[in-house]
Amino acid sequence: MPPKPPRRAGSAAAKSQRASPDGGSAPLAAPRLDIDEADFVGLCDALKVSEGVREKAWKTYESLSAADGALASNKKKKETWGVCIFIVAVDLDEITFTFTELLKNIGMNVCTFFQFLKEVDVNMDTVSTKVDSTVSRLKKKYDILLALYHKFERTCGLIYLEQPSSEISAELKSVLVLKNYWITFLLAKGKVLQVEDDLVISFQLLLCVLDYFIKLSPPAMLKEPYKSAVTAVAVNGSARTPRRGQNRSTRTSKQVDTDTKVIEILCKEHGCNLDEVKNVYSTSFIPFLNSVGIVASNGLPEVEVILQQYEELYLKNKDIDARLFLDHDETLQSDVMACSQVDKIPLKPNSDEEHTLTLLQTPVRAAMNNIQQLSMILNSATDKPSETLIKYFNNCTVNPTDSILKRVENFDHIFKKKFAEAVGQGCAEIGAQRYKLGVRLYYRVMESMLKSEEERLSVQNFSKLLNDNIFHTSLLACAVEVVMATYGRNASQSDGTSAETDLSFPWILNVFDLKAFDFYKVIESFIRVEPSLTREMIKHLERCEHRIMESLAWQSGSPLFDLIKQSKEREGQTEQPEPSSTLNLPLQHNHTAADLYLSPVRSPKKKGPPLSGTSTSDAQPGATPQTQKPQKSTSLSLFYKKVYLLAYLRLRTLFFRLLSDHPDLEPLIWTLFQHTLQNEYELMRDRHLDQIMMCSMYGICKVKNVDLRFKTIVSAYKELPNTNQETFKRVLIREEQYDSIIVFYNLVFMQKLKTNILQYASNRPPTLSPIPHIPRSPYQFSNSPRRVPAGNNIYISPLKSPYKFSDGFQSPTKMTPRSRILVSIGESFGTSEKFQKINQMVCNSDYHLKRSAEVSAAPKPLKRLRFDIEGQDEADGSKHLPQESKFQQKLAEMTSTRTRMQKQKLNDGNDTSASEEK
């Protein structure tokens, strides 16, 4: 029996109140609640929960009701019970029900449940990180299944006739029902894949299922071009032969070897790589058919057999019953837009070539387009070093060719094994294909890096760099990460940024046994020398860099701590990794990956000899001929500059959400934050940058008597992008002991910085740290149009040179009027050279500011081209008419001229130009 209803609801609430750092207390308990205990018992019985889960769930419900009386209302009571039972069952590892059963019993759909779970987390410890992880897994699986089912419905509508002829209608109803297709796919996905969030492999597997069933379908029920393909196969006799007594593995092997017309059509229609889908068919789908023992006289799986096996799989996983998608069950409907964005993904026209894409994309189509683009980029690349690279290798004092090839081969075996362990043993060859693409990108980027270094330093002997194992491992890992992120796009990603999956960064670091700090060194150079990276991939790599700076580089065993220690020892304890006096200077540097991997031995200002010889890492600096003191580490200095910038940007975002009425506190909080990173860096060991930020904010507010509770800070922090609840729920207190951020503040942060924090309450506070200079992102997106300030939806883009690769994207000279927007402007407006100059000005000058050396000096904008309705054009000093800009006048003239030309062509009977896009 669950606990009886309390006579005084307030007593239970009082016990659950906890002291907070600010000395405040939880809200007073709500009045006595009228709880219908019988309904709670009935819900527990329906879900078959244990007595322990029942009792703890009831106590959790009492605690939530005391904190928020609205949760105890009749309208939300049953939903709250269900959430409490779910939380406790997950925490105790006593789940006796499936997720779908829970939703059915409390009358909620999946999105509403996820949203409600966030609402009931009124205290930081209501929902544990274990529950967060379970919910995250369910969300990802739901997003993938919803996206695939929508694609499945649309695809089947393009394959099968809505009203087939009467002679096949009976067969259609009895055998070839869509239910059979979908459940076969669900069973295959569950059997083949160990990961639940791989959208690409899942969709490729769905195409295999469709191919299998299409070839067994009567041609009369198929639409073109599938009807012709199946008819051709039937004539050849390979798919429509009698099947009694025929060995299944022989038959399916024969089909995949010879009957490729259907799969070719499916791949072409959906933008899939044919070789990859064939690989999935042969290595995963055929073994699946054989393993589950699907046998039928006509070659089709029997519905009862498939249903039984999927039922067993569903009950084992205790999650979502995806069969209900077929019935459009209300528990799987997405009525909360924030829950899942799988319906349509808006695309921004980032470049001329992208105008041909539809403005709305499904998650599957977006993923396929990203993969296509990557494949096009690497079509001209090779799996071996190019002739240019071989020349660079031969110019080295110690030729690195053998070590490079051996390293690539060794990681091939390692990656293939790790991929199979993560995804499924039948997917090892898929991993090999992805690694192969990564190797191509690795050689391509290496060549670009060396060319850039040669131009910068006027040397060709890169022996030291090319014999550096960490450099090569980092570069190869970065190339493979780009490939993995391209294929690993999650179904709920709407902005192209990376979402957490089982193969997401930092998974690649574990595969390559690479330290995060070493991986960080190659990211910026990788982006700069590879112009074909998409905006999404640039953002993904930038996010990887942020994750390294905020936590991964601060893990125990990181070479970062050795570098900081050496920096402190170089000139005594007064030496700092990066002086605070440089914070207000622009983050501009000419350092490359070579500088960072060879630092501190090499200075970027020196040319020639430093690149040859043996490898030296950051953590093991050697003495130079000029001095016996270790040189300053370039990589450490740049790292700290970037960390300071990231830290301030995070702080400013959170500050404006919480303390916009107290602007005088921002420099104080930043000074404490920066002081901690600079002088008490050990507090960052195995912790997160945002933990120090929140503690700094709370500490300053405390001594300044500003009422700001940790609960309020955490609530605002949860709404920031790219945040994880584990950041404030699970903070390292001491070795192998974790607790909430409040406990960390009381037992660790405050104890370490108490003296410093109290100084801010005195009449002589510490000297304020300069506010970091905030530049635009160092990773410019050359394909991004920029809006003209005058409005009117006018955008301008930097002039792009024709693409260098032969296949795939069309160059501007090869584009047709349908694939690009043609603009014709009269000669009086300017020549092509003038347009190039304008584009260069816009590209190079936008967002860049001249700043004087004084901190207090106001930023002065550089002269730049501006199309203003009124005022002066700062580029040439000319005046505009107050009514209309010159650009607008020329645009109107251009439109008028273009219209007259089109009318003339229409009169001449030119139908092609009549349909030209305007």
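Values in this document were obtained by computation on a predicted structure and should not be read as measured data. (Residues numbered from 1 in each chain as written. Predicted model: local features only at pLDDT ≥ 70, side-chain atom pairs only at ≥ 80, totals over all residues. Heavy atoms only, no water.)

> Any details on the overall build of the chain? Residues and values, ideally.
A tally of regular secondary structure across the chain gives 35 helices and eight strands. Split into buried and exposed, the 918 residues of the chain put 50% on the buried side. When contacts within the chain are restricted to residue pairs at least 6 apart in sequence, those whose partners lie at least 24 apart make up 74%. Accessible surface for the chain amounts to roughly 43,300 Å². Of this, 50% is attributable to carbon and sulfur atoms. (Helix = DSSP H or I, 4+ residues; strand = E, 2+ residues; numbered from the N terminus. Buried < 20%, exposed > 50% of the residue type's maximum accessible area, 1.4 Å probe, protein only. Contact = heavy atoms within 4.5 Å. Areas by Shrake-Rupley, 256 points an atom, 1.4 Å probe, with all protein chains shown as cover.)

> Describe in detail the state of the cysteines, supporting the description with residues and values.
The tally for this structure, following the rule as stated, stands at zero disulfides. No disulfide involves C267; its sulfur sits 5.4 Å from that of C272, the nearest cysteine. (Disulfide = S-S within 2.5 Å.)

> How would you sum up the confidence of the model for the chain? Please name residues and give values.
Summing up the model confidence of the chain, the mean pLDDT is 75 and the portion of residues at 70 or higher is 63%. Note that residues 238-258 has pLDDT below 50 and, in this model, 41 contacts with residues that lie over four places away or in other chains. The low-confidence segment residues 601-628, where pLDDT is below 50, has 66 contacts with residues more than four positions distant or belonging to other chains. (pLDDT = per-residue confidence, 0-100.)

> Please provide a residue-by-residue account of helix α16 (residues 363-378), values included.
Helix length check: α16, at 16 residues, gives a terminal C-alpha distance of 23 Å against a target of 22 Å (1.5 Å per residue), a fit within 8%. For α16, the buried fraction is high: 13 of the 16 residues fall into the buried class. (Expected span 1.5 Å × (residues − 1).)

> Quick rundown of the packing of aromatic side chains? Include the residues and the values.
In this description, an aromatic ring pair is defined by two values, namely the gap between the centres and the angle between the planes. Scanning all chains against the criterion turns up 49 aromatic pairs. Look at F86 and F113: their rings are 5.3 Å apart centre to centre, the planes differ by 85°, and that puts the pair in the edge-to-face class. On the criterion of sequence distance, the pair formed by F86 in helix α4 (residues 77-91) and F113 in helix α6 (residues 110-120) is long-range, its members being 27 residues apart. Judged by relative accessible area, F113 falls into the buried class, the value being 0%. Aromatic side chains Y212 and F285 sit 5.8 Å apart centroid to centroid with 75° between the ring planes, which places their arrangement in the edge-to-face category. (Phe/Tyr/Trp six-rings, centres within 6.5 Å; stacked < 30°, edge-to-face > 60°.)

> Account for helix α19 (residues 428-457), with residues named and values stated.
Compared with an ideal rise of 1.5 Å per residue, which puts 30 residues at 44 Å, α19 spans 43 Å between its outermost C-alpha atoms and is within 8% of the ideal. In the stretch just after α19, S458 is the one whose phi turns positive, near 60°.

> I'd like a rundown of the pattern of salt bridges, residues and numbers included.
Under the defined criterion, the tally for this structure stands at 26 salt bridges. Its salt-bridge partner being E447, residue K451 comes within 3.1 Å of it at the nearest N-O pair. Of this pair, K451 and E447 both sit in helix α19, four residues apart, roughly one helical turn. Classification of E447 as buried rests on a relative accessible area of 16%. (Salt bridge = Lys/Arg side-chain N within 4 Å of Asp/Glu carboxyl O.)

> Explain the side chain of E550 residue by residue, including any values.
Here E550 lies in helix α24 (residues 535-550). A distance of 3.4 Å separates a polar atom in the side chain of E550 from a polar atom in the side chain of H688. Those residues within four positions of E550 in sequence are excluded, and the remaining contacts are R543, R650, M684, R687, H688 and L689. (Polar contact = N/O pair within 3.5 Å; in protein donor to acceptor, adjacent residues only side chain to side chain.)

> Hey, could you go over empty space enclosed by the protein for me, with residue numbers and the actual values?
Evaluation of the coordinates by the stated rule reveals six cavities of 30 Å³ or more. Volume-wise, the second largest cavity comes out at about 120 Å³. Forming the boundary of the second largest cavity are N370, Q373, L374, I377, L441, V482, T486, S532, L533, T534 and M537. Mapped onto the lining of the second largest cavity, the elements with two or more residues apiece are α16 and α21 (469-487). Looking at the lining of the second largest cavity, the element that brings in the most residues is α16, giving four residues. Across the lining of the second largest cavity, the residue classes tally to six nonpolar, five polar and no charged. (1 Å grid on protein atoms, 1.4 Å probe; cavity = no way out; pocket = protein on both sides within 12 Å on 5 of 7 lines; lining within 4 Å. Points joined across faces, edges and corners; volume = space filled by probe spheres on them. Nonpolar A, V, L, I, M, F, W, Y, C, P; charged D, E, K, R; others polar.)

> Give a description of the environment of I95 that names residues and reports values.
Tracing the sequence through the fold places I95 in the loop between α4 and α5 (99-106). Put simply, I95 and L47 are 48 residues apart on the chain and 9.1 Å apart in space, counted from C-alpha to C-alpha.

> Give a description of the environment of I306 that names residues and reports values.
Along the chain, the position of I306 falls in helix α15 (residues 303-317). Taking the C-alpha atoms as reference points, I306 and F185, 121 residues apart in sequence, are found 9.8 Å from one another.

> Just give me the short version of the pairing of strand β3 (residues 731-734), but keep the residues and values in it.
Of the pairings in the sheet, the one linking β3 to strand β4 (residues 737-739) comprises three bridges and is antiparallel in character. Residue pairing across strands places L732 opposite Y738, the latter belonging to β4. Hairpin connection between β3 and β4: a loop of two residues separates the two successive antiparallel strands, and E736 in this loop has a positive phi of roughly 60°. (Pairing = 2+ DSSP bridges.)

> Which residues make up the packing of α6 against helix α7 (residues 129-159), and what values go with them?
Orientation of α6 relative to α7, taken along the N-to-C sense of each, is 155°, at an axis distance of 11 Å. Overall, the two elements α6 and α7 adopt an arrangement that is roughly antiparallel. Classified by chirality, the crossing of α7 by α6 is left-handed. Contacts between α6 and α7 involve V110, C111, F114 and L117 on the former and, on the latter, V131, V135, L138, K139 and Y142. Among the residues forming the contact of α6 with α7, the class breakdown is eight nonpolar, no polar and one charged. (Axes fitted to C-alpha atoms, helices over the stretch in contact; angles between N-to-C directions. Parallel < 35°, antiparallel > 145°, perpendicular 65-115°, else oblique. Left-handed = near helix turned anticlockwise from the far one by under 90°.)

> Describe the environment of F744, listing the residues and the values that go with them.
Tracing the chain through its elements places F744 in helix α32 (residues 741-759). Spatially, the C-alpha atoms of F744 and V731 are 6.6 Å apart, while their sequence positions differ by 13 residues. In this structure F744 touches R687, I692, C695, V731, L732, I733 and F749, once residues within four positions along its chain are discounted.

> So what about unusual backbone geometry? Which residues, and what values?
Between E224 and the following residue, P225, the backbone shows a cis peptide bond with an omega angle of 5°. Summarising the element assignment, P225 is placed in the loop between α10 (199-214) and α11 (226-236). With an omega of 15°, the peptide bond between F505 and P506 qualifies as cis. Positionally, P506 belongs in the loop between α21 and α22 (507-511). A positive phi angle is found at K48, which is not glycine, with a value near 60°. Residue K48 is classed as exposed on the basis of its relative accessible area, which comes to 62%. Even without a glycine there, the phi angle at N722 is positive, about 60°. Topologically, N722 is positioned in the loop between α30 (710-718) and α31 (726-729).

> Quick one: what's the story with the packing of α19 against helix α23 (residues 516-529), residue by residue and with numbers?
Between α19 and α23, the shortest axis-to-axis distance is 9 Å and the interhelical angle comes to 85°. Between α19 and α23, the angle falls in the class roughly perpendicular. Two secondary-structure elements touch here, α19 through L441, V445, S448 and M449 and α23 through V522, S525, F526 and V529. Across the contact of α19 with α23, the residue classes tally to six nonpolar, two polar and no charged.

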